[in-house]
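# Inside the fold
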Amino acid sequence: MSALRLLLAAGDWRSWAVFRRNTLVFARHWRTAVIPPAMEPVIFFLAFGLGFSGFIDDFAYRGIDINYATYVAAGLIAYTGFGTPYYEALYSAYFRMFYQKTWDGILSTQVELPNVVWGEILWAAARGMVNISIVALTVAVFGAMGLVDVRPQFLLFMPFLGFIAGCAFASFALIFTAIVPAIDHMNYPVFLIGWPLSLVSNTFFPIEPESPALWALMQLNPIYHLAECARGLLVLGDPGPHLLGLVGSSVIWLVPSTLLAVRLTRRRVLGH
Amino acid sequence: MTTAILEARGLTKRYDGRAVVDQLDLTCTQGSVLGLLGANGAGKTTTLRMLYGFVPPDAGVINYAGRRFDQHRSEVKRGIGVCTQDDSLEYDLTVEQNLLVYASYFRPRVDNLERRVAELLERFGLAPYARQSPQVLSGGFVRRLLIARSIVHTPTILFLDEPTTGLDPSARLDVWELIDSLRAEGLAIVLTTHYMDEAERLSDDLLVIHEGRGIARGEPHRVIDDVLGDHVVIVPRNEPAREEIAAWLRSRGAHEVATVLGELRVPVSKEDLVALTARYADATWQVRPPNLDDLFIALARRNGRFE
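Just so it is clear, the structure is predicted and the values come from calculations on it, not from any experiment. (Residues numbered from 1 in each chain as written. Chains lettered and ligands numbered in written order. Predicted model: local features only at pLDDT ≥ 70, side-chain atom pairs only at ≥ 80, totals over all residues.)

Moving on, we come to the overall build of chain A. Helix and strand counts for chain A stand at 11 helices and two strands. When its helices and strands are written in sequence order, chain A yields α-α-α-β-β-α-α-α-α-α-α-α-α. Across the 272 residues of chain A, 50% fall into the buried class. Across chain A, contacts joining residues at least 24 apart in sequence account for 80% of those joining residues at least 6 apart. (Helix = DSSP H or I, 4+ residues; strand = E, 2+ residues; numbered from the N terminus. Buried ≥ 20, exposed ≤ 12 C-beta atoms within 10 Å, placed from the backbone. Contact = placed C-beta atoms within 7 Å.)

Now for the pairing of strand β4 (residues 59-64) of chain B. Residue and element names in this part refer to chain B. Pairing between strand β1 (residues 4-15) and β4: five bridges, direction antiparallel. By the bridge assignment, L6 is partnered in β4 with Y64. Pairing analysis gives two bridges linking β4 to strand β5 (residues 67-68), with the strands arranged antiparallel. Across the sheet, the residue bridging to N63 is R68, located in β5. Here β4 folds back onto β5 in antiparallel fashion, the turn holding two residues, of which A65 has a positive phi close to 50 degrees. (Pairing = 2+ DSSP bridges.)

By a frequent convention, interface size equals the accessible area lost on bringing the separate parts together. Residue and element names in this part refer to chain B. You can read the domains of chain B as domain 1 (1-79 + 155-227), domain 2 (89-154) and domain 3 (230-289). Between domain 1 and domain 2, the C-alpha centre-to-centre distance is 24 Å. Counting residues at the interface gives 10 residues for domain 1 and 11 residues for domain 2. The dominant element in the side of domain 1 that touches domain 2, judged by the number of residues it contributes, is helix α6 (residues 169-184), at four residues. Here the side of domain 1 that touches domain 2 is built from residues that sort into seven nonpolar, one polar and two charged. (Domains from an automatic or database assignment. Nonpolar A, V, L, I, M, F, W, Y, C, P; charged D, E, K, R; others polar.)

Residues and elements named next belong to chain A. Two numbers describe how helix α3 (residues 30-53) lies on helix α6 (residues 113-144): the axes approach to 9 Å, and their chain directions differ by 40 degrees. Between α3 and α6, the crossing angle belongs to the class labelled oblique. Handedness of the α3/α6 crossing: right-handed. Where α3 abuts α6, its residues V34, P37, A38, P41, V42 and F45 lie against V130, N131, I134, V135 and T138. Grouping the amino acids of the contact of α3 with α6 by side-chain chemistry returns nine nonpolar, two polar and no charged. (Axes fitted to C-alpha atoms, helices over the stretch in contact; angles between N-to-C directions. Parallel < 35°, antiparallel > 145°, perpendicular 65-115°, else oblique. Left-handed = near helix turned anticlockwise from the far one by under 90°.)

Pasting the structure below:
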(Lines give C-alpha, C1' and ligand atoms only; values in the text may rest on other atoms or scores of the structure.)
Protein backbone atom coordinates (compact mmCIF):
# COMPACT_ATOMS: atom_id res chain seq x y z
CA MET A 1 0.00 0.00 0.00
CA SER A 2 1.45 3.35 -0.99
CA ALA A 3 2.09 6.00 1.64
CA LEU A 4 -0.64 8.20 0.20
CA ARG A 5 -3.25 5.43 0.23
CA LEU A 6 -2.19 4.59 3.73
CA LEU A 7 -2.77 8.17 4.85
CA LEU A 8 -6.07 8.40 2.97
CA ALA A 9 -7.24 5.33 4.92
CA ALA A 10 -8.14 7.84 7.66
CA GLY A 11 -11.38 8.54 5.81
CA ASP A 12 -12.16 4.91 5.00
CA TRP A 13 -15.36 3.48 6.51
CA ARG A 14 -13.28 0.70 8.02
CA SER A 15 -11.21 3.13 10.11
CA TRP A 16 -14.41 4.70 11.38
CA ALA A 17 -15.84 1.24 12.16
CA VAL A 18 -12.90 0.77 14.55
CA PHE A 19 -13.58 4.25 15.94
CA ARG A 20 -17.25 3.36 16.51
CA ARG A 21 -16.27 0.15 18.26
CA ASN A 22 -14.12 2.10 20.70
CA THR A 23 -16.90 4.64 21.19
CA LEU A 24 -19.36 1.90 22.05
CA VAL A 25 -17.04 0.33 24.61
CA PHE A 26 -16.35 3.79 26.06
CA ALA A 27 -20.08 4.48 26.33
CA ARG A 28 -20.53 1.29 28.37
CA HIS A 29 -18.45 2.67 31.22
CA TRP A 30 -17.91 6.32 30.51
CA ARG A 31 -18.03 7.32 34.16
CA THR A 32 -14.89 5.43 35.11
CA ALA A 33 -13.30 6.23 31.77
CA VAL A 34 -13.85 9.99 31.98
CA ILE A 35 -14.15 11.27 35.51
CA PRO A 36 -10.92 10.03 37.15
CA PRO A 37 -8.58 10.89 34.23
CA ALA A 38 -10.25 14.24 33.64
CA MET A 39 -9.88 15.10 37.30
CA GLU A 40 -6.08 15.09 36.99
CA PRO A 41 -5.79 18.39 35.09
CA VAL A 42 -8.53 19.89 37.26
CA ILE A 43 -6.53 19.01 40.39
CA PHE A 44 -3.39 20.37 38.69
CA PHE A 45 -5.27 23.57 38.03
CA LEU A 46 -6.39 23.88 41.62
CA ALA A 47 -2.98 22.99 43.03
CA PHE A 48 -0.65 24.85 40.72
CA GLY A 49 -2.81 27.40 39.00
CA LEU A 50 -4.76 28.72 41.93
CA GLY A 51 -2.21 27.62 44.52
CA PHE A 52 0.80 29.31 42.97
CA SER A 53 -1.15 32.36 41.84
CA GLY A 54 -0.93 33.75 45.34
CA PHE A 55 2.88 33.68 45.19
CA ILE A 56 3.42 34.87 41.64
CA ASP A 57 2.79 38.42 40.55
CA ASP A 58 0.81 39.18 37.42
CA PHE A 59 3.05 39.27 34.36
CA ALA A 60 2.83 40.53 30.79
CA TYR A 61 1.60 38.18 28.12
CA ARG A 62 1.71 39.66 24.62
CA GLY A 63 1.24 43.12 26.10
CA ILE A 64 -1.48 42.27 28.60
CA ASP A 65 -1.04 41.60 32.30
CA ILE A 66 -2.39 38.20 33.33
CA ASN A 67 -2.27 36.19 36.52
CA TYR A 68 -0.57 32.81 36.77
CA ALA A 69 -3.86 30.89 36.99
CA THR A 70 -4.91 32.31 33.64
CA TYR A 71 -1.55 31.30 32.19
CA VAL A 72 -1.85 27.76 33.53
CA ALA A 73 -5.48 27.35 32.37
CA ALA A 74 -4.33 27.34 28.75
CA GLY A 75 -1.35 25.16 29.66
CA LEU A 76 -3.60 22.56 31.22
CA ILE A 77 -5.75 22.46 28.12
CA ALA A 78 -2.58 21.76 26.12
CA TYR A 79 -1.39 19.23 28.70
CA THR A 80 -4.75 17.42 28.51
CA GLY A 81 -4.74 17.61 24.72
CA PHE A 82 -1.39 15.87 24.76
CA GLY A 83 -1.71 13.48 27.69
CA THR A 84 -5.12 11.99 26.99
CA PRO A 85 -4.50 10.79 23.41
CA TYR A 86 -0.90 9.90 24.18
CA TYR A 87 -1.76 7.62 27.10
CA GLU A 88 -4.87 6.28 25.36
CA ALA A 89 -2.75 5.20 22.38
CA LEU A 90 -0.12 3.76 24.68
CA TYR A 91 -1.96 1.87 27.38
CA SER A 92 -5.48 1.32 26.10
CA ALA A 93 -4.34 0.46 22.58
CA TYR A 94 -1.75 -1.93 24.01
CA PHE A 95 -4.44 -3.66 26.04
CA ARG A 96 -6.62 -4.01 22.96
CA MET A 97 -3.71 -5.27 20.88
CA PHE A 98 -1.95 -7.59 23.32
CA TYR A 99 -4.22 -8.70 26.14
CA GLN A 100 -7.71 -8.50 24.68
CA LYS A 101 -6.74 -9.59 21.14
CA THR A 102 -9.33 -7.11 19.91
CA TRP A 103 -7.24 -6.21 16.89
CA ASP A 104 -6.89 -9.88 15.91
CA GLY A 105 -10.66 -10.18 15.85
CA ILE A 106 -11.05 -7.00 13.82
CA LEU A 107 -8.34 -7.98 11.35
CA SER A 108 -10.15 -11.20 10.54
CA THR A 109 -12.79 -9.06 8.82
CA GLN A 110 -12.64 -6.61 5.91
CA VAL A 111 -10.84 -4.14 8.14
CA GLU A 112 -7.12 -3.89 7.38
CA LEU A 113 -4.26 -2.95 9.63
CA PRO A 114 -3.94 0.72 8.50
CA ASN A 115 -7.64 1.09 9.36
CA VAL A 116 -7.03 -0.24 12.86
CA VAL A 117 -4.16 2.22 13.34
CA TRP A 118 -6.25 5.10 12.04
CA GLY A 119 -9.23 4.04 14.11
CA GLU A 120 -7.04 4.15 17.20
CA ILE A 121 -5.55 7.54 16.26
CA LEU A 122 -8.94 9.12 15.64
CA TRP A 123 -10.38 7.59 18.77
CA ALA A 124 -7.49 8.72 20.98
CA ALA A 125 -7.80 12.25 19.61
CA ALA A 126 -11.55 12.17 20.28
CA ARG A 127 -10.87 11.08 23.85
CA GLY A 128 -8.66 14.13 24.11
CA MET A 129 -11.59 16.28 23.01
CA VAL A 130 -13.76 14.83 25.78
CA ASN A 131 -11.22 15.53 28.51
CA ILE A 132 -10.38 18.98 27.14
CA SER A 133 -14.09 19.79 27.28
CA ILE A 134 -14.14 18.95 30.99
CA VAL A 135 -11.07 21.10 31.64
CA ALA A 136 -12.57 23.91 29.56
CA LEU A 137 -15.77 23.70 31.58
CA THR A 138 -13.75 23.94 34.77
CA VAL A 139 -11.90 26.98 33.44
CA ALA A 140 -15.25 28.53 32.50
CA VAL A 141 -16.53 28.03 36.05
CA PHE A 142 -13.38 29.57 37.55
CA GLY A 143 -13.67 32.37 35.02
CA ALA A 144 -17.22 33.06 36.19
CA MET A 145 -15.89 33.12 39.75
CA GLY A 146 -13.29 35.71 38.73
CA LEU A 147 -10.32 33.46 39.47
CA VAL A 148 -9.09 33.43 35.88
CA ASP A 149 -9.50 36.06 33.22
CA VAL A 150 -10.40 34.32 29.96
CA ARG A 151 -12.76 34.93 27.06
CA PRO A 152 -15.22 32.07 27.67
CA GLN A 153 -16.59 31.94 24.12
CA PHE A 154 -13.18 30.77 22.92
CA LEU A 155 -13.27 27.79 25.25
CA LEU A 156 -15.59 26.20 22.69
CA PHE A 157 -12.70 25.98 20.22
CA MET A 158 -10.40 24.17 22.60
CA PRO A 159 -11.58 20.57 21.95
CA PHE A 160 -11.18 21.05 18.20
CA LEU A 161 -7.67 22.45 18.55
CA GLY A 162 -6.93 19.49 20.79
CA PHE A 163 -8.22 17.06 18.19
CA ILE A 164 -5.72 18.28 15.60
CA ALA A 165 -2.77 17.87 17.94
CA GLY A 166 -4.27 14.72 19.48
CA CYS A 167 -4.01 12.86 16.17
CA ALA A 168 -0.29 13.67 16.08
CA PHE A 169 0.30 12.59 19.69
CA ALA A 170 -1.67 9.37 19.26
CA SER A 171 0.19 8.37 16.10
CA PHE A 172 3.49 9.04 17.88
CA ALA A 173 2.40 6.91 20.85
CA LEU A 174 1.37 4.02 18.62
CA ILE A 175 5.00 3.66 17.54
CA PHE A 176 5.86 2.70 21.11
CA THR A 177 2.77 0.55 21.46
CA ALA A 178 4.01 -1.47 18.52
CA ILE A 179 7.51 -2.01 19.88
CA VAL A 180 7.41 -2.26 23.66
CA PRO A 181 8.00 -5.88 24.69
CA ALA A 182 5.71 -5.65 27.74
CA ILE A 183 3.44 -3.09 29.33
CA ASP A 184 6.05 -2.27 32.01
CA HIS A 185 8.21 -0.82 29.25
CA MET A 186 5.60 1.89 28.71
CA ASN A 187 7.48 3.73 31.46
CA TYR A 188 10.03 4.76 28.84
CA PRO A 189 7.71 6.70 26.52
CA VAL A 190 5.74 7.99 29.51
CA PHE A 191 8.50 9.23 31.79
CA LEU A 192 11.36 9.83 29.38
CA ILE A 193 9.38 11.42 26.55
CA GLY A 194 5.81 12.31 27.43
CA TRP A 195 6.26 13.89 30.82
CA PRO A 196 9.36 16.02 30.01
CA LEU A 197 7.88 17.09 26.70
CA SER A 198 4.69 18.27 28.34
CA LEU A 199 6.70 20.39 30.80
CA VAL A 200 8.92 22.21 28.29
CA SER A 201 6.07 23.37 26.07
CA ASN A 202 4.97 26.64 27.71
CA THR A 203 2.34 24.74 29.64
CA PHE A 204 3.20 25.55 33.27
CA PHE A 205 5.94 28.12 32.73
CA PRO A 206 7.19 30.14 29.76
CA ILE A 207 10.33 29.11 27.93
CA GLU A 208 12.03 31.54 25.61
CA PRO A 209 15.07 29.79 24.18
CA GLU A 210 17.88 31.99 22.93
CA SER A 211 19.49 29.21 20.96
CA PRO A 212 18.15 29.12 17.37
CA ALA A 213 18.33 25.33 17.40
CA LEU A 214 16.15 25.09 20.52
CA TRP A 215 13.79 27.69 19.09
CA ALA A 216 13.46 25.63 15.91
CA LEU A 217 12.78 22.51 17.96
CA MET A 218 10.01 24.30 19.83
CA GLN A 219 8.39 25.22 16.52
CA LEU A 220 8.12 21.51 15.77
CA ASN A 221 6.40 20.78 19.08
CA PRO A 222 2.58 20.67 18.77
CA ILE A 223 2.13 20.93 22.56
CA TYR A 224 3.88 24.28 22.55
CA HIS A 225 1.67 25.57 19.72
CA LEU A 226 -1.45 24.13 21.35
CA ALA A 227 -0.63 25.89 24.63
CA GLU A 228 0.15 29.19 22.92
CA CYS A 229 -2.79 28.94 20.54
CA ALA A 230 -5.17 28.27 23.45
CA ARG A 231 -3.60 31.05 25.52
CA GLY A 232 -3.75 33.55 22.68
CA LEU A 233 -7.42 32.81 22.09
CA LEU A 234 -8.44 32.77 25.74
CA VAL A 235 -6.53 35.92 26.71
CA LEU A 236 -6.60 37.99 23.52
CA GLY A 237 -9.04 36.28 21.21
CA ASP A 238 -6.19 35.87 18.74
CA PRO A 239 -4.14 32.69 18.32
CA GLY A 240 -1.37 34.59 16.53
CA PRO A 241 0.90 32.47 14.37
CA HIS A 242 0.35 29.44 16.57
CA LEU A 243 -2.75 28.17 14.80
CA LEU A 244 -0.67 27.66 11.70
CA GLY A 245 2.15 26.31 13.87
CA LEU A 246 -0.24 23.87 15.51
CA VAL A 247 -1.54 22.52 12.20
CA GLY A 248 1.90 22.43 10.62
CA SER A 249 3.73 20.77 13.49
CA SER A 250 0.88 18.29 13.99
CA VAL A 251 1.07 17.26 10.33
CA ILE A 252 4.85 16.98 10.60
CA TRP A 253 4.40 14.58 13.53
CA LEU A 254 1.37 12.78 12.20
CA VAL A 255 2.52 11.70 8.75
CA PRO A 256 5.82 9.97 9.54
CA SER A 257 4.53 8.65 12.87
CA THR A 258 1.49 7.06 11.23
CA LEU A 259 3.54 5.49 8.46
CA LEU A 260 6.02 4.12 10.97
CA ALA A 261 3.29 2.98 13.38
CA VAL A 262 1.57 1.02 10.60
CA ARG A 263 4.84 -0.59 9.59
CA LEU A 264 5.80 -1.56 13.14
CA THR A 265 2.30 -2.66 14.10
CA ARG A 266 2.13 -4.86 11.01
CA ARG A 267 5.34 -6.54 12.09
CA ARG A 268 4.08 -6.94 15.65
CA VAL A 269 0.56 -8.12 14.98
CA LEU A 270 0.78 -9.85 11.62
CA GLY A 271 4.40 -10.96 11.82
CA HIS A 272 5.55 -9.45 8.52
CA MET B 1 -20.85 -31.16 -9.32
CA THR B 2 -19.67 -29.32 -6.21
CA THR B 3 -18.42 -25.76 -6.51
CA ALA B 4 -14.84 -25.00 -5.45
CA ILE B 5 -15.03 -22.07 -3.06
CA LEU B 6 -11.31 -22.02 -2.31
CA GLU B 7 -8.44 -23.07 -4.51
CA ALA B 8 -4.83 -22.46 -3.58
CA ARG B 9 -1.94 -23.46 -5.79
CA GLY B 10 1.77 -23.45 -5.03
CA LEU B 11 1.29 -21.69 -1.71
CA THR B 12 4.69 -20.88 -0.24
CA LYS B 13 5.84 -18.92 2.77
CA ARG B 14 9.40 -18.48 3.94
CA TYR B 15 10.68 -17.10 7.22
CA ASP B 16 14.40 -16.37 7.47
CA GLY B 17 14.97 -18.25 4.26
CA ARG B 18 13.27 -21.41 5.53
CA ALA B 19 10.12 -22.59 3.77
CA VAL B 20 7.43 -22.91 6.44
CA VAL B 21 4.85 -23.68 3.78
CA ASP B 22 6.21 -25.09 0.56
CA GLN B 23 4.29 -25.42 -2.72
CA LEU B 24 1.04 -26.35 -1.03
CA ASP B 25 -2.08 -26.99 -3.08
CA LEU B 26 -5.53 -27.26 -1.59
CA THR B 27 -9.17 -27.02 -2.51
CA CYS B 28 -12.31 -26.63 -0.44
CA THR B 29 -15.73 -27.05 -1.98
CA GLN B 30 -19.16 -25.81 -1.06
CA GLY B 31 -20.75 -27.83 1.75
CA SER B 32 -17.61 -29.69 2.69
CA VAL B 33 -15.04 -29.68 5.46
CA LEU B 34 -11.33 -29.69 4.62
CA GLY B 35 -9.26 -30.78 7.61
CA LEU B 36 -5.68 -29.61 7.87
CA LEU B 37 -3.68 -32.01 9.96
CA GLY B 38 -0.08 -31.93 11.03
CA ALA B 39 2.23 -31.86 14.01
CA ASN B 40 3.11 -28.62 15.76
CA GLY B 41 5.23 -26.50 13.45
CA ALA B 42 4.06 -28.34 10.34
CA GLY B 43 2.74 -25.13 8.80
CA LYS B 44 -1.02 -25.43 9.41
CA THR B 45 -1.52 -22.08 11.08
CA THR B 46 0.70 -20.25 8.58
CA THR B 47 -1.33 -21.85 5.79
CA LEU B 48 -4.54 -20.71 7.40
CA ARG B 49 -3.21 -17.19 7.97
CA MET B 50 -2.27 -16.90 4.30
CA LEU B 51 -5.68 -18.18 3.24
CA TYR B 52 -7.60 -15.60 5.25
CA GLY B 53 -5.23 -12.78 4.50
CA PHE B 54 -3.22 -12.26 7.67
CA VAL B 55 0.08 -12.86 5.90
CA PRO B 56 0.83 -12.61 2.19
CA PRO B 57 2.26 -15.71 0.55
CA ASP B 58 5.74 -15.45 -0.97
CA ALA B 59 4.55 -17.49 -3.92
CA GLY B 60 1.39 -19.13 -5.13
CA VAL B 61 -2.13 -18.11 -5.98
CA ILE B 62 -5.27 -18.12 -3.84
CA ASN B 63 -8.63 -18.00 -5.58
CA TYR B 64 -12.02 -17.68 -3.96
CA ALA B 65 -14.87 -18.72 -6.26
CA GLY B 66 -12.59 -18.03 -9.22
CA ARG B 67 -11.45 -14.59 -8.03
CA ARG B 68 -7.86 -13.96 -7.12
CA PHE B 69 -7.55 -13.02 -3.49
CA ASP B 70 -4.70 -10.56 -4.04
CA GLN B 71 -6.66 -8.70 -6.71
CA HIS B 72 -10.10 -8.63 -5.05
CA ARG B 73 -9.06 -8.64 -1.44
CA SER B 74 -11.87 -6.63 0.11
CA GLU B 75 -14.69 -8.26 -1.89
CA VAL B 76 -13.28 -11.70 -1.16
CA LYS B 77 -12.91 -10.97 2.55
CA ARG B 78 -16.60 -10.09 2.64
CA GLY B 79 -17.27 -13.79 2.06
CA ILE B 80 -14.74 -15.18 4.54
CA GLY B 81 -15.47 -16.08 8.14
CA VAL B 82 -12.61 -16.59 10.57
CA CYS B 83 -12.67 -18.20 13.99
CA THR B 84 -9.17 -18.16 15.40
CA GLN B 85 -7.86 -20.15 18.36
CA ASP B 86 -7.47 -17.04 20.47
CA ASP B 87 -10.46 -15.67 22.29
CA SER B 88 -10.85 -12.20 20.79
CA LEU B 89 -14.34 -11.54 22.11
CA GLU B 90 -15.27 -8.12 23.42
CA TYR B 91 -15.75 -8.59 27.15
CA ASP B 92 -16.75 -4.95 27.60
CA LEU B 93 -19.76 -5.54 25.37
CA THR B 94 -22.73 -7.85 25.65
CA VAL B 95 -23.04 -11.11 23.78
CA GLU B 96 -25.48 -9.48 21.37
CA GLN B 97 -23.26 -6.44 20.87
CA ASN B 98 -20.36 -8.73 20.05
CA LEU B 99 -22.30 -9.92 17.04
CA LEU B 100 -23.56 -6.47 16.06
CA VAL B 101 -20.14 -4.82 16.29
CA TYR B 102 -18.44 -7.61 14.36
CA ALA B 103 -21.04 -7.28 11.61
CA SER B 104 -20.18 -3.58 11.35
CA TYR B 105 -16.76 -4.53 9.98
CA PHE B 106 -18.30 -5.71 6.71
CA ARG B 107 -19.66 -3.98 3.61
CA PRO B 108 -22.11 -4.40 1.98
CA ARG B 109 -23.90 -4.39 5.30
CA VAL B 110 -25.59 -7.54 6.54
CA ASP B 111 -29.22 -7.64 5.44
CA ASN B 112 -31.72 -7.55 8.31
CA LEU B 113 -28.90 -7.55 10.82
CA GLU B 114 -31.15 -7.46 13.89
CA ARG B 115 -33.00 -10.53 12.69
CA ARG B 116 -29.78 -12.29 11.71
CA VAL B 117 -28.30 -11.69 15.16
CA ALA B 118 -31.48 -12.89 16.86
CA GLU B 119 -31.43 -16.06 14.74
CA LEU B 120 -27.82 -16.77 15.61
CA LEU B 121 -28.38 -16.17 19.30
CA GLU B 122 -31.28 -18.60 19.22
CA ARG B 123 -29.55 -21.22 17.12
CA PHE B 124 -26.33 -21.21 19.15
CA GLY B 125 -28.18 -21.31 22.47
CA LEU B 126 -26.95 -17.84 23.38
CA ALA B 127 -30.30 -16.04 23.58
CA PRO B 128 -30.51 -16.25 27.42
CA TYR B 129 -27.15 -14.43 27.63
CA ALA B 130 -27.80 -11.85 24.91
CA ARG B 131 -27.73 -8.86 27.27
CA GLN B 132 -24.88 -10.16 29.40
CA SER B 133 -21.12 -9.98 29.06
CA PRO B 134 -19.38 -13.03 27.57
CA GLN B 135 -17.73 -13.31 31.01
CA VAL B 136 -20.75 -15.30 32.20
CA LEU B 137 -20.30 -17.91 29.47
CA SER B 138 -18.66 -21.30 29.94
CA GLY B 139 -15.81 -22.35 27.64
CA GLY B 140 -18.21 -24.17 25.35
CA PHE B 141 -20.50 -21.19 25.02
CA VAL B 142 -17.56 -18.85 24.43
CA ARG B 143 -16.62 -21.08 21.51
CA ARG B 144 -20.20 -21.01 20.27
CA LEU B 145 -20.19 -17.23 20.38
CA LEU B 146 -16.88 -17.10 18.52
CA ILE B 147 -18.30 -19.31 15.78
CA ALA B 148 -21.58 -17.38 15.67
CA ARG B 149 -19.61 -14.14 15.37
CA SER B 150 -17.53 -15.52 12.53
CA ILE B 151 -20.62 -16.25 10.44
CA VAL B 152 -22.74 -13.22 11.33
CA HIS B 153 -22.06 -11.73 7.89
CA THR B 154 -23.15 -14.95 6.12
CA PRO B 155 -19.80 -15.93 4.61
CA THR B 156 -19.41 -18.67 2.02
CA ILE B 157 -16.30 -20.13 3.65
CA LEU B 158 -15.36 -20.48 7.30
CA PHE B 159 -11.90 -21.00 8.78
CA LEU B 160 -11.89 -22.76 12.12
CA ASP B 161 -8.54 -22.94 13.87
CA GLU B 162 -8.69 -25.70 16.48
CA PRO B 163 -12.31 -24.95 17.39
CA THR B 164 -12.63 -27.39 20.28
CA THR B 165 -9.28 -27.03 22.00
CA GLY B 166 -9.78 -26.84 25.75
CA LEU B 167 -13.45 -27.87 25.71
CA ASP B 168 -14.94 -30.69 27.73
CA PRO B 169 -16.30 -33.71 25.81
CA SER B 170 -19.90 -32.53 25.95
CA ALA B 171 -19.03 -29.05 24.67
CA ARG B 172 -16.88 -30.59 21.94
CA LEU B 173 -19.83 -32.64 20.74
CA ASP B 174 -21.99 -29.53 20.67
CA VAL B 175 -19.44 -27.74 18.53
CA TRP B 176 -19.22 -30.76 16.24
CA GLU B 177 -22.99 -30.62 15.78
CA LEU B 178 -22.79 -26.94 14.90
CA ILE B 179 -20.01 -27.50 12.39
CA ASP B 180 -21.92 -30.35 10.86
CA SER B 181 -25.04 -28.24 10.50
CA LEU B 182 -23.08 -25.39 8.91
CA ARG B 183 -21.64 -27.80 6.39
CA ALA B 184 -25.13 -29.13 5.67
CA GLU B 185 -26.23 -25.59 4.86
CA GLY B 186 -23.56 -25.35 2.17
CA LEU B 187 -20.80 -23.53 3.99
CA ALA B 188 -17.28 -24.50 2.96
CA ILE B 189 -15.19 -25.08 6.09
CA VAL B 190 -11.43 -25.30 6.53
CA LEU B 191 -10.57 -26.79 9.89
CA THR B 192 -7.36 -27.37 11.78
CA THR B 193 -7.35 -29.62 14.78
CA HIS B 194 -5.13 -31.68 17.01
CA TYR B 195 -7.96 -34.07 17.83
CA MET B 196 -7.77 -37.09 15.63
CA ASP B 197 -11.35 -38.18 16.17
CA GLU B 198 -12.48 -34.67 15.29
CA ALA B 199 -10.55 -34.61 12.03
CA GLU B 200 -11.74 -38.10 11.18
CA ARG B 201 -15.39 -37.47 11.91
CA LEU B 202 -15.78 -33.93 10.62
CA SER B 203 -13.55 -33.82 7.56
CA ASP B 204 -14.74 -34.76 4.12
CA ASP B 205 -11.17 -34.28 2.95
CA LEU B 206 -7.95 -34.30 4.86
CA LEU B 207 -4.72 -32.61 3.94
CA VAL B 208 -1.77 -33.84 5.96
CA ILE B 209 0.97 -31.24 6.18
CA HIS B 210 4.51 -32.20 7.08
CA GLU B 211 7.31 -29.63 7.10
CA GLY B 212 5.16 -27.28 5.08
CA ARG B 213 4.38 -29.78 2.36
CA GLY B 214 1.18 -31.68 1.69
CA ILE B 215 2.17 -35.33 2.06
CA ALA B 216 -1.26 -36.92 1.83
CA ARG B 217 -4.72 -35.78 0.89
CA GLY B 218 -8.18 -37.19 0.30
CA GLU B 219 -10.83 -38.90 2.40
CA PRO B 220 -9.63 -39.54 5.97
CA HIS B 221 -9.42 -43.33 5.64
CA ARG B 222 -7.63 -43.11 2.33
CA VAL B 223 -5.13 -40.66 3.78
CA ILE B 224 -4.36 -43.00 6.65
CA ASP B 225 -3.82 -45.85 4.23
CA ASP B 226 -1.51 -43.72 2.09
CA VAL B 227 0.72 -42.71 4.97
CA LEU B 228 0.59 -45.69 7.31
CA GLY B 229 -0.59 -48.74 5.42
CA ASP B 230 -3.22 -51.32 6.24
CA HIS B 231 -2.88 -52.31 9.91
CA VAL B 232 -1.32 -51.30 13.18
CA VAL B 233 0.25 -53.98 15.36
CA ILE B 234 0.25 -53.29 19.09
CA VAL B 235 2.69 -55.20 21.30
CA PRO B 236 2.10 -54.73 25.05
CA ARG B 237 4.92 -53.63 27.35
CA ASN B 238 4.98 -56.99 29.21
CA GLU B 239 5.52 -59.11 26.08
CA PRO B 240 9.03 -60.66 26.46
CA ALA B 241 9.63 -60.72 22.70
CA ARG B 242 8.68 -57.07 22.32
CA GLU B 243 12.12 -55.78 21.29
CA GLU B 244 12.70 -58.76 19.04
CA ILE B 245 9.41 -58.16 17.24
CA ALA B 246 10.26 -54.48 16.82
CA ALA B 247 13.68 -55.30 15.37
CA TRP B 248 12.18 -57.88 13.05
CA LEU B 249 9.54 -55.44 11.78
CA ARG B 250 12.18 -52.76 11.28
CA SER B 251 14.24 -55.22 9.25
CA ARG B 252 11.20 -55.62 6.97
CA GLY B 253 11.02 -51.88 6.39
CA ALA B 254 8.65 -50.72 9.15
CA HIS B 255 10.05 -47.28 10.02
CA GLU B 256 7.19 -45.88 12.06
CA VAL B 257 7.78 -47.92 15.21
CA ALA B 258 6.35 -45.84 18.05
CA THR B 259 6.39 -46.51 21.76
CA VAL B 260 3.35 -45.24 23.64
CA LEU B 261 3.36 -45.83 27.41
CA GLY B 262 5.64 -48.79 26.91
CA GLU B 263 3.61 -50.52 24.21
CA LEU B 264 4.79 -50.75 20.64
CA ARG B 265 2.63 -49.42 17.83
CA VAL B 266 3.77 -50.38 14.37
CA PRO B 267 1.90 -49.73 11.12
CA VAL B 268 2.37 -52.74 8.84
CA SER B 269 1.30 -53.95 5.42
CA LYS B 270 -0.91 -57.01 4.82
CA GLU B 271 2.13 -59.02 3.81
CA ASP B 272 4.02 -58.13 6.99
CA LEU B 273 1.01 -59.00 9.07
CA VAL B 274 0.81 -62.46 7.53
CA ALA B 275 4.53 -62.99 8.11
CA LEU B 276 4.25 -61.72 11.73
CA THR B 277 1.40 -64.12 12.41
CA ALA B 278 3.46 -67.04 11.14
CA ARG B 279 6.64 -66.09 13.02
CA TYR B 280 5.28 -64.87 16.35
CA ALA B 281 2.15 -66.95 16.75
CA ASP B 282 2.90 -67.53 20.45
CA ALA B 283 3.58 -63.89 21.33
CA THR B 284 0.93 -61.57 22.70
CA TRP B 285 -0.01 -58.78 20.34
CA GLN B 286 -3.06 -57.14 18.85
CA VAL B 287 -3.91 -55.76 15.48
CA ARG B 288 -6.33 -52.96 14.59
CA PRO B 289 -6.96 -50.60 11.69
CA PRO B 290 -4.78 -47.50 11.74
CA ASN B 291 -6.38 -44.29 12.92
CA LEU B 292 -5.43 -40.65 12.89
CA ASP B 293 -3.68 -41.00 16.24
CA ASP B 294 -1.20 -43.32 14.57
CA LEU B 295 -0.84 -40.88 11.72
CA PHE B 296 -0.24 -37.99 14.07
CA ILE B 297 2.34 -39.90 16.09
CA ALA B 298 4.11 -40.94 12.91
CA LEU B 299 4.19 -37.32 11.70
CA ALA B 300 5.40 -36.08 15.05
CA ARG B 301 8.19 -38.65 15.08
CA ARG B 302 9.24 -37.65 11.59
CA ASN B 303 9.33 -34.10 12.82
CA GLY B 304 11.52 -35.06 15.78
CA ARG B 305 8.88 -34.01 18.30
CA PHE B 306 7.91 -37.40 19.66
CA GLU B 307 10.17 -40.18 20.87
